Amino acid sequence: MIKKIKRALLRLRVPVRTERRQFNGRLLDQRRDDVFVLMHQQRAGLR
């Protein structure tokens, strides 16, 4: 049973990326703004 599980997990492994991904500052800023708005909406609803 353990061998079957190990074989299934080995088939599901995702290959490791060898190239470096570029940092996306614009996406980070957008997500930060989205979280900021959401936090303030939540706080306004609690009052």
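Whatever comes next refers back to the structure up there.
Please read all numbers here as calculations on a predicted model, not as lab measurements. Residue indices follow the written sequence of each chain, beginning from 1 at its first position. Predicted model: local features are reported for residues with pLDDT of at least 70 only, side-chain atom pairs are reported and counted for 80 or more only, and whole-chain, interface and lining totals are derived from all residues. The basis for every side-chain value is the complete set of non-hydrogen atoms in the structure, without hydrogens or water.

This part is about the overall build of the protein. Segments assigned H or I by DSSP are reported as helices when at least four residues long, segments assigned E as strands when at least two residues long, and all are numbered from the N terminus. In terms of regular secondary structure, the protein is built from 2 helices and 0 strands. Each of the three principal axes of the protein carries a C-alpha extent, and together these read 55 × 30 × 10 Å. For every residue, the accessible area (1.4 Å probe, protein chains only) is compared with the maximum for its type, and the residue is labelled buried under 20%, exposed over 50%, or partly exposed between those bounds. The proportion of buried residues among the 47 residues of the protein is 0%. Residue burial considers only the protein chains on display, and all accessible areas are found by Shrake-Rupley using a 1.4 Å probe. Just so you have it, the protein exposes about 5,600 Å², and 57% of that area is on carbon and sulfur atoms. His is not counted, nor are the chain ends; Lys and Arg add positive charge and Asp and Glu add negative charge. Charged side chains are reduced to one point each, which is NZ for Lys, CZ for Arg, CG for Asp and CD for Glu. Charge separation in the protein, taken as the distance between the mean sites of 14 positive and 4 negative side-chain charges, equals 18 Å.

There is a patch of like positive charges on the surface, built from Lys3, Lys4, Lys6, Arg7 and Arg11. Following the sequence through the fold, Lys4 ends up in helix 1 (residues 2-12). The class for Lys4 is exposed, based on a relative accessible area of 57%. A patch consists of residues exposed above 30% relative accessible area that lack any salt bridge, with like charges linked at up to 9 Å and nonpolar side chains (Val, Leu, Ile, Met, Phe, Trp, Tyr) linked at up to 5 Å. When a carboxyl oxygen of Asp or Glu is within 4 Å of a side-chain nitrogen of Lys or Arg, the pair counts as a salt bridge.

This next bit is on the environment of Arg7. Structurally, Arg7 can be placed in helix 1. Taking the relative accessible area as the measure of exposure, Arg7 reaches 47% and is therefore partly exposed.

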